[in-house]
Amino acid sequence: MSPLQVFNTLTAKKEDFVALDGKTVRMYACGPTVYSLSHLGHARMAIVFDVIQRYLRYSGYDVTFVRNITDVDDKIINRAAEIGIRPEQLARENIFTFWRDMRLLNIAPPDFEPRATEYIHPMVQFVQGLIDSGHAYKSGPDVYFEVSSFKDYGKLRKQNLDELMSGAREQVRSQQDLKNLKRSPLDFALWKGAVAGDLGWPSPWGHGRPGWHLECSAMIKNVLGETIDIHGGGEDLVFPHHENEIAQSEALHSKPLARYWLHNSFVQIDAEKMSKSLGNFRTIQDLLQTYSPDTLRLLLLQTHYRSPIEFTNDSLTAAKSGLQRLIRAVHSVSEEEAADLQMKKQAADSELTKAVMQQFQSEFARAMDSDFNTAAAVAVLFGIADKIFQETSASRRLSYIYALDSLSQILGLTLEDTGRLIDTDTAGNVIDLLLEIRNSARVKKDFATSDLIRDRLAGLGVKVMDTAGGGASWERD
RNA sequence: GGCGGCAUAGCCAAGUGGUAAGGCAGAGGUCUGCAAAACCUUUAUCCCCCAGUUCGAAUCUGGGUGCCGCCUCCA
């Protein structure tokens, strides 16, 4: 297959990517916990795995992509209590806005999007299996995973139990209440007991809800199988989330949970991680008020996914300017020129198009095959744009435009000419401007011009009505 | 305290042994009534500092400095 190489967190090396079944890729990315709006950091994660998924398909793999939604969790419960609504309602509202954000960002929907609350029964079974095999124990109202029972614990994080213990020591003090329940501070909850009436489900251990890490293990098993090809998420999930997933799943199945672990780095503001807890985040919703989805995507893809991105208004503006160049390039054949369908067809079939496609596809693939180096891939796009602007023949330009357009799509860039979309406020102001010009024509008794404006506006469905004072008003017909 | 990562022009950012991609911004020129766009030329003798390995290092090794992340919820 392809010479694709990916950086595997598990081995801390760039490795040849070999799918378990040859052509089928089963991949899972940890999605959001829906307790508030999504910010640019979430967008980065979603866009990174969207592009990975798109490129794998482009490379000929049959991809099944699963991205979950965590809809039961302490944060959701606490936040819902603060604002006085049911946790289920809070989760549902945030799922809808998350979906809207994803759609606006041109992020392809995953093949499956399981939610934790849909997999309670499999999770209960999962926990029971761990108890039966001696990897978990009931303690009070809860069930915990016994970390010392899994010899490979720490392999993703690359720290052994002793090192982890010394790191955890600080935490022990703040977990006094849990100290009595856990046999070791490293043990983590598989099932948390809840008081009757609180969000929860029945289980062999009483009313309660699943621990955070459990859902991914259970959903991966149920949707994709015991071993998958790619498991991904944000860098902050490496420990403890993914480490714990490995512990649960591999303890139960005695086989690797995932062959390749991919983690994207963060978006930073003022050299600090953008995060909900630090409060220094910019929501997707907010950013889309001012910047196009393509601008955000270009901004994020101009940096390799494993490097942190320093987010500033300047970098955003730079991305916007750069994007404009690509958009102009791809729209640089005029309507009249493009209207000739025959020419388009010829351009698509031409030897030049084939040669151009081959050349740039191979440059693009070389970049992407190197651990999804989108920054280098974007440079290829700008190289094509150069060619387009340098080419004087419209039909030859079309060949390059095909290349630019098709490669942009693999990165999820639409290159839509949003610069020419006009909002109603602006449209209204433009009409006012026309009426101003018309009025000055009337004052000069240039009725030919003033009538031209009125008639043409009427033709566009805008009715102009002169007022007694010499001005004019207008309305849609 | 334990573990890991990063340091490339004014800004953002690729590049892991062979002599510095790309974007933005800037400068000069062409075009233009003026602009904008586009085109041409141009902007790091050098990749945080020091030492080492090598014919050769931004790229490898050691030391130093600075910044960041994880260890608690987190994309």
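Residues numbered from 1 in each chain as written. Chains lettered and ligands numbered in written order. Predicted model: local features only at pLDDT ≥ 70, side-chain atom pairs only at ≥ 80, totals over all residues. Heavy atoms only, no water.

### A word on the domain arrangement of chain A
It is common to give the size of an interface as the accessible area that goes away when the parts come together.
Consideration 1: The domain architecture assigned to chain A consists of domain 1 (5-273), domain 2 (291-420) and domain 3 (424-476).
Consideration 2: Between domain 1 and domain 3, the C-alpha centre-to-centre distance is 61 Å. (Domains from an automatic or database assignment.)

### Things to note about the pattern of salt bridges
If charged atoms from side chains of opposite charge come close, those side chains can pair.
Consideration 1: Counted according to the given criterion, the structure contains 27 salt bridges.
Consideration 2: Between Arg 57 and Asp 111 there is a salt bridge; the shortest N-O distance is 2.9 Å. Here Arg 57, found in helix 1 (residues 40-58), pairs with Asp 111, found in the loop between helix 3 (87-104) and helix 4 (120-132); they are 54 residues apart in sequence, far enough to count as distant.
Consideration 3: By relative accessible area, Arg 57 is classed as partly exposed at 33%.
Consideration 4: One continuous salt-bridge network, built from bridges that share partners, spans Lys 151, Asp 152, Lys 155 and Glu 250. (Salt bridge = Lys/Arg side-chain N within 4 Å of Asp/Glu carboxyl O. Helix = DSSP H or I, 4+ residues; strand = E, 2+ residues; numbered from the N terminus. Buried < 20%, exposed > 50% of the residue type's maximum accessible area, 1.4 Å probe, protein only.)

### Remarks on the environment of Met 343
Consideration 1: Its place among the elements puts Met 343 in helix 13 (residues 341-349).
Consideration 2: For Met 343, a relative accessible area of 17% translates into the label buried.
Consideration 3: For the pair formed by Met 343 and Trp 205, sequence separation is 138 residues and the distance between their alpha carbons is 71 Å.
Consideration 4: Setting aside chain neighbours within four positions, we find Met 343 in contact with Glu 337, Ala 394, Ser 395 and Leu 398. (Contact = heavy atoms within 4.5 Å.)

### Quick notes on the sheet that holds strand 9 (residues 228-234)
Consideration 1: Read from one edge of the open sheet, four strands run 4-3-9-10, paired in parallel fashion. Where the open sheet ends on each side, the last strands, each with one partner, are strand 4 (62-67) and strand 10 (258-264). Neighbouring strand axes in the sheet, compared pairwise and without regard to direction, differ in orientation by 20° on average.
Consideration 2: Across six bridges, the pairing between strand 9 and strand 10 is parallel. Directly across from Ile 228, in strand 10, lies its bridge partner Ala 258.
Consideration 3: Strands in contact with helix 7 (residues 212-224) are strand 3 (24-29), strand 4 and strand 9; relative to strand 3, the strand with the most contacts, it is inclined by about 155°. (Pairing = 2+ DSSP bridges. Axes fitted to C-alpha atoms, helices over the stretch in contact; angles between N-to-C directions.)

### Focus: the sheet that holds strand 8 (residues 208-210)
Consideration 1: Ordered in space as 5-6-7-8, the four strands form an open sheet in which the pairing is antiparallel. The open sheet terminates on both sides in strands that have one partner only, identified here as strand 5 (136-139) and strand 8. Within this sheet the neighbouring strands show an average axis-to-axis angle of 25°, counted without direction.
Consideration 2: Sheet analysis places strand 7 (residues 188-193) next to strand 8, joined by three bridges and oriented antiparallel. Residue Lys 192 lies in a different strand from strand 8, and its bridge partner there is Arg 209.

### Here we look at the packing of helix 17 (residues 424-443) against helix 18 (residues 447-459)
Consideration 1: Where helix 17 contacts helix 18, the axes come no closer than 7 Å and their chain directions differ by 150°. Looking at the two axes, helix 17 sits roughly antiparallel to helix 18. Here the hand of the crossing between helix 17 and helix 18 comes out left-handed. Here helix 17 contributes Leu 434, Leu 435, Ile 437, Arg 438, Ala 441 and Arg 442 to the contact with helix 18, which in turn contributes Phe 447, Thr 449, Ser 450, Ile 453, Arg 454 and Leu 457.
Consideration 2: Considered class by class, the residues forming the contact of helix 17 with helix 18 number seven nonpolar, two polar and three charged. (Parallel < 35°, antiparallel > 145°, perpendicular 65-115°, else oblique. Left-handed = near helix turned anticlockwise from the far one by under 90°. Nonpolar A, V, L, I, M, F, W, Y, C, P; charged D, E, K, R; others polar.)

### Considering the layout of surface pockets
Leftover empty space is mapped by rolling, across the atoms, a probe with the size of a water molecule.
Consideration 1: Considering only enclosed or pocket space, the second largest pocket measures out at about 670 Å³ in volume.
Consideration 2: Looking at the second largest pocket, it is lined by 27 residues, and the ones nearest its centre are Ile 327, Arg 328, Val 330, His 331 and Asp 417.
Consideration 3: Looking at the lining of the second largest pocket, the elements with two or more residues in it are helix 9 (284-290), helix 11 (313-330), helix 12 (335-339) and helix 16 (394-410).
Consideration 4: Counting residues per element, the lining of the second largest pocket draws most heavily on helix 11, at six residues. (1 Å grid on protein atoms, 1.4 Å probe; cavity = no way out; pocket = protein on both sides within 12 Å on 5 of 7 lines; lining within 4 Å. Points joined across faces, edges and corners; volume = space filled by probe spheres on them.)

### Points about empty space enclosed by the protein
Consideration 1: In the structure shown here, the tally under the stated rule is one cavity of 30 Å³ or more.
Consideration 2: Looking at the largest cavity, its volume works out to about 60 Å³.
Consideration 3: The wall of the largest cavity is formed by Val 48, Val 51, Ile 52, Leu 300, Leu 301, Thr 303, Tyr 305, Phe 372 and Thr 374.
Consideration 4: Residue assignment for the lining of the largest cavity shows that the elements contributing at least two residues are helix 1 and helix 10 (293-301).
Consideration 5: Top element by residues in the lining of the largest cavity is helix 1. It accounts for three residues.
Consideration 6: Taken together, the residues of the lining of the largest cavity break down into seven nonpolar, two polar and no charged.
Consideration 7: Summarising the domain contributions, the lining of the largest cavity has at least three residues from each of domain 1 (5-273) and domain 2 (291-420).

### Here's the deal with the packing of aromatic side chains
Consideration 1: This structure, assessed with the given rule, holds 11 aromatic pairs.
Consideration 2: Centre to centre, the rings of Tyr 55 and Tyr 58 are 5.8 Å apart; their planes meet at 35°, and the pair counts as tilted. On the criterion of helical spacing, the pair formed by Tyr 55 and Tyr 58 is a turn pair, its members being three residues apart in helix 1.
Consideration 3: By relative accessible area, Tyr 55 is classed as buried at 2%.
Consideration 4: Judged by centre distance (6.4 Å) and plane angle (65°), the ring pair of Phe 360 and Tyr 400 falls under edge-to-face. Separated by 40 residues along the polypeptide, Phe 360 in helix 14 (residues 351-369) and Tyr 400 in helix 16 bring together distant segments of the chain.
Consideration 5: Judged by relative accessible area, which is 4%, Phe 360 ranks as buried.
Consideration 6: Taking relative accessible area as the criterion, Tyr 400 reaches 10% and is therefore assigned buried. (Phe/Tyr/Trp six-rings, centres within 6.5 Å; stacked < 30°, edge-to-face > 60°.)

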